[in-house]
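Now for the letters of each chain:
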Amino acid sequence: MTEETGIWVLYGYFFSRADAWFVIRVDIGMDGDRDDAIHFDDPDDAKYLFWVNDDVDVISGSEEDDAQSGTANCNDSAITCKRDLEDFTRLHIEVDDNTANLSGITYWMKFENPVSGSPSVNIFEAINEDLDYLQDDSTAGQQIQKTKIITVGSSEVQLPSQYIKTGNQVSPFILEGKTAGKADLTIIVKKDGNEVCKKAVQLDLRAISEFRQKFVASITTDDNVSTTASQVGTYTYTPETDEYVLYVHGWNMEDWEKDRWAETVFKRLWWQRYKGHVGGFQWPTLGTLYYDRSELRAWNSAQALNNLITSLNSSYPGEVRVIAHSMGNVVMGEALRLFSSSVVHTYLAAQAAIPAHCYDNTIANYWGNFTTPNVYGHYTSGQ
């Protein structure tokens, strides 16, 4: 008890000399079980796994895309565009009314009890409690107008009281990972500068590259490609299911773009509650001036993809799905042809840069007024 306040502090409870009891309570939670709801009394929502937002989302012309270089999204105070929002996740805090309405109450945050690394996050006020910032265009437009409130690291930083709702309401925030590590993200309540209550959620932040597998097929000689793909990088993510989605990129892709596209596949599946593996198969496409040679390399990369799918199917029987984009469908189409039995659960051909005649030479021409011979439709017949 202090003479100045006449308030006792005992195990996080306040009571006055008149024996009017007030329970000092604060709750914090994240969607640890990824069921789209955050419950303060659910142990699964007292921990969370997410990635560091160190890519560079930009507006390029009329589209939002990744850039190779620039200021990483986590190193500014803004949300650069709607695309950037897929790298933010929700944080809920609730302070009971008795506590919020006491005089001299302040709120502080820090990371405690580090398990690995030195995690840090940027915290923004959320438009509402839900995932609307990812699912509703209007809400996303409002959300990107918000700027960073605080960066939380290993040292205490004050969370302004204006962001804590009264009336026993949830105070919603979104956060982005700034640096990797695993520790307790803690909310601390102080009365007249003295800590009286705190609560934490364990947050595990990792590089996005650790959430997906990367397999690279390399050139051997000229435009010939190795028959096996080497796994590159570190894969630390442990999915809840054996489902596997393998992404095969298209033509004219830089190495960094191949990485970003596979990582984007993972992110967007994550927000659809997918809880399996994601991998990326990278083949040696050339650039803008070399379409035909790139297509040759695509055909020549098929054996490596075939061998990779065979290996993945051995580890995850019947669970391998493939998404191929553009010229990646040349690689995938030929890889499928090389199989003697069905090993792929589902194949999604996105904007496939391959003639339908490769699959069925009886298909009628889609466009007229062309005199180019239908070589793909007759190649195997020798005509």
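Summary of the structure given here. (Residues numbered from 1 in each chain as written. Predicted model: local features only at pLDDT ≥ 70, side-chain atom pairs only at ≥ 80, totals over all residues. Heavy atoms only, no water.)

### Examining helix 5 (residues 291-300)
In an α-helix there are 3.6 residues to a turn, and that puts residues three or four apart on one side.
And step 1. Residues Ser294, Glu295, Arg297 and Ala298 constitute the buried set of helix 5. Mapping the buried residues of helix 5 onto a view down its axis gives an arc of 160 degrees, with all of them on the same face.
And step 2. Buried-residue contacts for helix 5 involve helix 6 (302-315), helix 7 (328-338) and helix 8 (375-378). (Buried < 20%, exposed > 50% of the residue type's maximum accessible area, 1.4 Å probe, protein only. Helix = DSSP H or I, 4+ residues; strand = E, 2+ residues; numbered from the N terminus. Arc of directions from axis to C-beta. Contact = heavy atoms within 4.5 Å.)

### Things to note about the nonpolar core
And step 1. Within the largest apolar cluster, 56 residues are counted, with the highest numbers of intra-cluster contacts made by Leu91, Ile93, Met109, Leu159 and Leu185.
And step 2. Those residues within four positions of Leu159 in sequence are excluded, and the remaining contacts are Ile93, Tyr107, Trp108, Met109, Ile149, Ile150, Ile164, Phe173 and Ile187.
And step 3. Among the nonpolar cores identified, the runner-up in size contains 28 residues, and Leu246, Ala324, Val331 and Met332 belong to it. (Core = buried A, V, L, I, M, F, W, Y, C linked by side-chain atoms within 4.5 Å.)

### Topic: the packing of aromatic side chains
And step 1. Counted by the stated rule, this structure contains 19 aromatic pairs.
And step 2. Here the aromatic rings of Phe211 and Trp270 are separated by 6.3 Å at their centres, their planes lie at 85 degrees, and the arrangement is edge-to-face. A residue pair is termed long-range when its members are at least 10 positions apart, and Phe211 in the loop between strand 13 (194-206) and strand 14 (213-216) and Trp270 in helix 4 (residues 255-270) qualify at 59 residues. Trp270 carries the same exposure label as Phe211, and that label is buried.
And step 3. Looking at Arg34, its charged tip hangs above the ring of Trp270, at a distance of 3.7 Å from the centre. (Phe/Tyr/Trp six-rings, centres within 6.5 Å; stacked < 30°, edge-to-face > 60°. Lys NZ or Arg CZ within 6 Å of the ring centre and 35° of its normal.)

### Quick look at the pattern of salt bridges
And step 1. In total, this model carries 29 salt bridges according to the counting rule given.
And step 2. Linking Arg83 and Asp66 is a salt bridge whose minimum nitrogen-to-oxygen distance equals 2.9 Å. Residue Arg83 is located in the loop between strand 7 (63-66) and strand 8 (89-95), and its partner Asp66 is located in strand 7; the two are separated by 17 residues in the primary sequence. Residue Arg83 shares its accessibility class with Asp66, and that shared class is buried.
And step 3. Across the pair Lys198 and Glu195 runs a salt bridge whose closest N-O atoms are separated by 3.9 Å.
And step 4. Assessed through its relative accessible area of 39%, Lys198 is described here as partly exposed.
And step 5. A relative accessible area of 41% places Glu195 in the partly exposed class.
And step 6. Among the ionic contacts, a cluster of salt bridges with common partners joins Arg212, Lys214, Asp259, Arg260 and Glu263. (Salt bridge = Lys/Arg side-chain N within 4 Å of Asp/Glu carboxyl O.)

### What about the packing of helix 6 against helix 7?
And step 1. Where helix 6 contacts helix 7, the axes come no closer than 8 Å and their chain directions differ by 65 degrees. The element helix 6 and its partner helix 7 pack so that their crossing is right-handed. Packed against helix 6, whose contacting residues are Ala302, Gln303, Leu305, Asn306 and Ile309, the element helix 7 presents Val331, Met332, Glu334, Ala335 and Leu338 at the interface.
And step 2. Its residues placed into classes, the contact of helix 6 with helix 7 shows seven nonpolar, two polar and one charged. (Axes fitted to C-alpha atoms, helices over the stretch in contact; angles between N-to-C directions. Left-handed = near helix turned anticlockwise from the far one by under 90°. Nonpolar A, V, L, I, M, F, W, Y, C, P; charged D, E, K, R; others polar.)

### Overview of the pairing of strand 19 (residues 346-350)
And step 1. The pairing of strand 18 (residues 320-325) with strand 19 spans five bridges and is classified as parallel. Counterpart to Ile323 in the pairing with strand 19 is Leu348. (Pairing = 2+ DSSP bridges.)

### Here's the deal with the environment of Asp57
And step 1. Relative to the elements of secondary structure, Asp57 occurs in strand 6 (residues 57-60).
And step 2. Taking the relative accessible area as the measure of exposure, Asp57 reaches 2% and is therefore buried.
And step 3. The spacing of Asp57 and Pro355 is 298 residues in sequence and 34 Å in space, taken between C-alpha atoms.
And step 4. Those residues in contact with Asp57 that lie beyond four places of it in its chain are Asp65, Asp66, Asn73, Thr80, Cys81, Arg83, Asp84 and Asp87.

### Some words on the sheet that holds strand 18
And step 1. With mixed pairing, the six strands of this open sheet are ordered in space as 15-14-17-16-18-19. The outermost strands of the open sheet, each flanked by one partner alone, are strand 15 (230-232) and strand 19. Here the strands of the sheet are splayed against their neighbours by 25 degrees on average, with no regard to which way each runs.
And step 2. Direction of pairing for strand 16 (residues 244-248) relative to strand 17 (residues 277-282): parallel, over a ladder of five bridges.

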